[in-house]
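# Structure at a glance
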Amino acid sequence: MIARFLEQFPIVFASLNVGFLQTLKLFFVTLVGALPLGLIIAFGSMSSFKPLSAVVKTVIWIVRGSPLMIQLLILYYFPGLVFGANIWGQGETGRFVAASVAFIINYACYFAEIYRGGIQGVPKGQAEAGQVLGLNKRQVFFKITLMQMIKRIVPPMSNEIITLVKDTSLARIIALQELIWAGQSFLKGSQGIAGAIWPMFFTAVYYLAFSAILTVLFSKIEKKMSYFKV
Amino acid sequence: MSILNVEKLTKSFGDVEVLKGVSFSLEEGEVLSVIGSSGGGKTTLLRCINFLETPDTGRITVEGKTAFEGDPSRVNEKQYTPFIDRNVQHSLGLVFQQFNLFPQYSVLGNLTLAPRLAAKKREDFKTAKKEIYAEIDEKALSILKATGLSEKKDNYPCQLSGGQQQRVAIARALMLSPAILCFDEPTSALDPELTGEVLKVIRELRESGHTMIIVTHELEFARRVSDKIIFMANGLIEEMGTPDEIFENPKSEKTRSFIQTDYLSAN
């Protein structure tokens, strides 16, 4: 049994690495898209223009209130079913684009609520102090509120971002060739290996290792910002 | 010409009329204290002068320029918006009860933030950025020296005592050389043993000729530092006069009873 494991390992390892690369790509693309989009959505939900905040709040409710897996399916298949055209492009690239869009929208809505909490948690007196010193609204946000907001949201954001690491596995539902897909392929049969369940188990090592790195990174960020209190 | 003129100022929050027509004026170099029990409208008056609240009607003039004008006969019209010129804020400084220092900046950073941002509007900013910033730093250091905070310039607000924080807040307001410096209950959030150092700074500012409005509960301090005292009650100026007039010989029964309960019990 050990001999067979040693024989399978290099093949499985190489495949899982390829899958993990796709997982990492989805993770970083989601962050790059969702971090700024979330801020825009947060401002939308806090807008004093009622129709805008109502629309944004409804979108947040839909996105947070339904499973990401369903959102992936709808986003990927719906355009093709209704308009008869695949807007996402062919093959793996198309699946990756669709998955990225679904993840960015989904995570932006969660981030938006965290941002909103962070912004509204900054005492009103901070903005007032900025205002009487002659700063305009933009300067108040970027020079005063932003840094205090970031400090406040590091713990909830690290939570959400570590969840994202594992949530990328949901893209398996539209057959994106990420880590879970790669592990599962040896169950169905691939490269002469079939019925092997251990590669699936082994994928957990990747997720654990990656979230360990993120955990260290976030505690470093927290430490770096400990020079001031909010 | 008065440096500040407030005429028939009114302000309501919903159904609650907080200011019911307040008028007074302030001359250059004068120190005005506003006293009165909580809920009398003192803080709202100060916040209206500093644009943190928009009054409903009346007029505010700062250094001859109209800062606010709201016509009482038109205030109920839907389309009517009162006139506001926020540029006048340049002439005003405000020190808050809760200090409101920016926690992520050092003491020096708190002082230089606004002047540095304001300097970006100068025409020579691009060519002389270094010199302008050095000038601002130099001014900040000299103000810190005057307020006894030189050694704290690199500290962050969380490392300072309440009294030190409030002195930094005063120094920060002075950076923009306001024509009128306003204080909103500057010692109310401080432990009793820390109020002295803040009051000392305010007294020194008076000696160097600053025009100031001080909303305060420190009656003995108000009496000693002010040229003029306003006693506010129920959104109106109940009585206005010199410290001696207010404290020795109040005309209004309300003033008398306020001063007796609040002042005599403390002494």
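Look up: the structure comes first, before these words.
The present account deals with the structure reproduced in this document.

## As for the overall build of chain A
- Check the secondary structure of chain A and you find 8 helices and 0 strands.
- The buried share among the 230 residues of chain A stands at 45%.
- Pairs at least 24 apart in sequence give 77% of the contacts found in chain A among residues at least 6 apart.
- By element, 70% of the accessible surface of chain A is carried by carbon and sulfur atoms, the whole surface being about 12,200 Å².

## Looking at helix α5 (residues 124–132) of chain A
- Restricting attention to buried positions, one finds in α5(A) the residues G125(A), Q126(A), E128(A), A129(A), G130(A) and V132(A).
- Lining the buried residues of α5(A) we find α6 (137–167) of chain A together with α1 (42–49), β7 (92–95) and α4 (162–174) of chain B.
- With its phi angle positive at about 90 degrees, G134(A) sits one or two positions after the end of α5(A).

## A word on the pattern of salt bridges
- Under the counting rule described, the total for this entry stands at 20 salt bridges over all chains.
- The residue K124(A) makes a salt bridge to E128(A) at a minimum N-O spacing of 3.9 Å. Of this pair, K124(A) and E128(A) are both found in helix α5, 4 residues apart, which corresponds to roughly one turn of the helix.
- Here R206(B) makes a salt bridge to D227(B), at a shortest N to O gap of 3.2 Å. Of this pair, R206(B) sits in helix α5 (residues 192–207) while D227(B) is found in the loop between α6 (219–225) and β10 (228–233), placing the two residues 21 residues apart along the sequence.
- Classification of R206(B) by relative accessible area gives partly exposed; the value is 30%.
- The exposure class assigned to D227(B) is partly exposed, which follows from its relative accessible area of 28%.
- In the salt-bridge network here, residues are joined through shared partners; they are K124(A), E128(A), R47(B) and E53(B).

## Concerning the side chain of E185(B)
All names here are of chain B.
- By the element assignment, E185 lies in the loop between β8 (180–184) and α5.
- It turns out E185 is buried and unbridged, and the closest side chain with the opposite charge, K42, is 4.2 Å from it.
- Engagement of the side chain of E185 in a polar contact is seen with the side chain of H217, the distance being 3.5 Å.
- The residues touching E185, leaving out its near neighbours within four places in the chain, are K42, T43, Q97, V215 and H217.

## Things to note about the packing of α4(B) against α5(B)
Residues and elements named next belong to chain B.
- Interaxial distance between α4 and α5 falls to 8 Å at its minimum, and their mutual angle equals 20 degrees. Considered as vectors, α4 and α5 are oriented roughly parallel to each other. In the packing of α4 onto α5, the handedness of the crossing is right-handed. Listed contacts from α5 to G162, G163, Q164, Q166, R167, I170 and L174 of α4 are L194, E197, V198, V201, I202 and L205.
- Of the residues that constitute the contact of α4 with α5, the class distribution is 7 nonpolar, 4 polar and 2 charged.

## Observations regarding the interface of chain A and chain B
- Contacts between the two partners involve 19 residues from chain A, matched on the other side by 22 residues from chain B.
- Of the roughly 1,900 Å² buried between chain A and chain B, counting both surfaces, carbon and sulfur atoms make up 63%.
- Our count for the chain A to chain B interface comes out at 1 salt bridge.
- A salt bridge links E128(A) to R47(B); the nearest nitrogen and oxygen atoms lie 2.6 Å apart.
- Our count for the chain A to chain B interface comes out at 10 residue pairs in polar contact (both at pLDDT 80 or more).
- Broken down by secondary-structure element, the contributors of at least two residues to the side of chain A that touches chain B are α5 and α6 of chain A.
- Ranked by residue count, the leading element in the side of chain A that touches chain B is α5(A), at 8 residues.
- Looking at the side of chain A that touches chain B, its residues break down into 9 nonpolar, 6 polar and 4 charged.

## What to know about the pairing of strand β2 (residues 16–26) of chain B
Residue and element names in this part refer to chain B.
- As paired elements, strand β1 (residues 4–13) and β2 share 8 bridges and run antiparallel to each other. In the sheet register, L9 faces β2, and the bridge partner there is V22.
- Where β1 folds back on β2, the antiparallel hairpin that results is connected by 2 residues, among which G14 adopts a positive phi of roughly 65 degrees.

## Things to note about the side chain of T168(A)
- You can see T168(A) is positioned in the loop between α6 and α7 (179–188).
- If sequence neighbours within four positions are ignored, T168(A) has contacts with T23(A), L26(A), F27(A), F103(A), E178(A) and Y207(A).

## Observations concerning the environment of I41(A)
All names here are of chain A.
- Looking at the secondary structure, you find I41 in helix α1 (residues 2–46).
- In the structure, I41 is positioned 71 residues away from A112 in sequence and 5.7 Å away in space, judged by C-alpha atoms.
- Setting aside chain neighbours within four positions, we find I41 in contact with V56, I60, A108, C109 and A112.

## Considerations on unusual backbone geometry
- Phi is positive for Q191(A), close to 50 degrees, though the residue is something other than glycine.
- Structurally, the position occupied by Q191(A) is in the loop between α7 and α8 (198–224).
- With a phi close to 50 degrees, N234(B) is a non-glycine residue in the positive phi region.
- Considering the arrangement of structural elements, one finds N234(B) in the loop between β10 and β11 (236–241).

## Overview of the sheet that holds strand β6 (residues 83–84) of chain B
All names here are of chain B.
- Within the open sheet, the 5 strands sit side by side as β2-β1-β4-β5-β6. Their pairing is antiparallel. Unpaired on one side and paired on the other, β2 and β6 mark the two borders of the sheet.
- Pairing of strand β4 (residues 57–62) with strand β5 (residues 65–70), which is carried by 5 bridges, proceeds in the antiparallel orientation. Bridge pairing in β5 links V62 to K65.

Rules used throughout
Residues numbered from 1 in each chain as written. Chains lettered and ligands numbered in written order. Predicted model: local features only at pLDDT ≥ 70, side-chain atom pairs only at ≥ 80, totals over all residues. Heavy atoms only, no water. Helix = DSSP H or I, 4+ residues; strand = E, 2+ residues; numbered from the N terminus. Buried < 20%, exposed > 50% of the residue type's maximum accessible area, 1.4 Å probe, protein only. Contact = heavy atoms within 4.5 Å. Areas by Shrake-Rupley, 256 points an atom, 1.4 Å probe, with all protein chains shown as cover. Salt bridge = Lys/Arg side-chain N within 4 Å of Asp/Glu carboxyl O. Lys, Arg positive; Asp, Glu negative; His and termini not counted. Polar contact = N/O pair within 3.5 Å; in protein donor to acceptor, adjacent residues only side chain to side chain. Axes fitted to C-alpha atoms, helices over the stretch in contact; angles between N-to-C directions. Parallel < 35°, antiparallel > 145°, perpendicular 65-115°, else oblique. Left-handed = near helix turned anticlockwise from the far one by under 90°. Nonpolar A, V, L, I, M, F, W, Y, C, P; charged D, E, K, R; others polar. Buried area = accessible area lost by both parts, 1.4 Å probe. Pairing = 2+ DSSP bridges.

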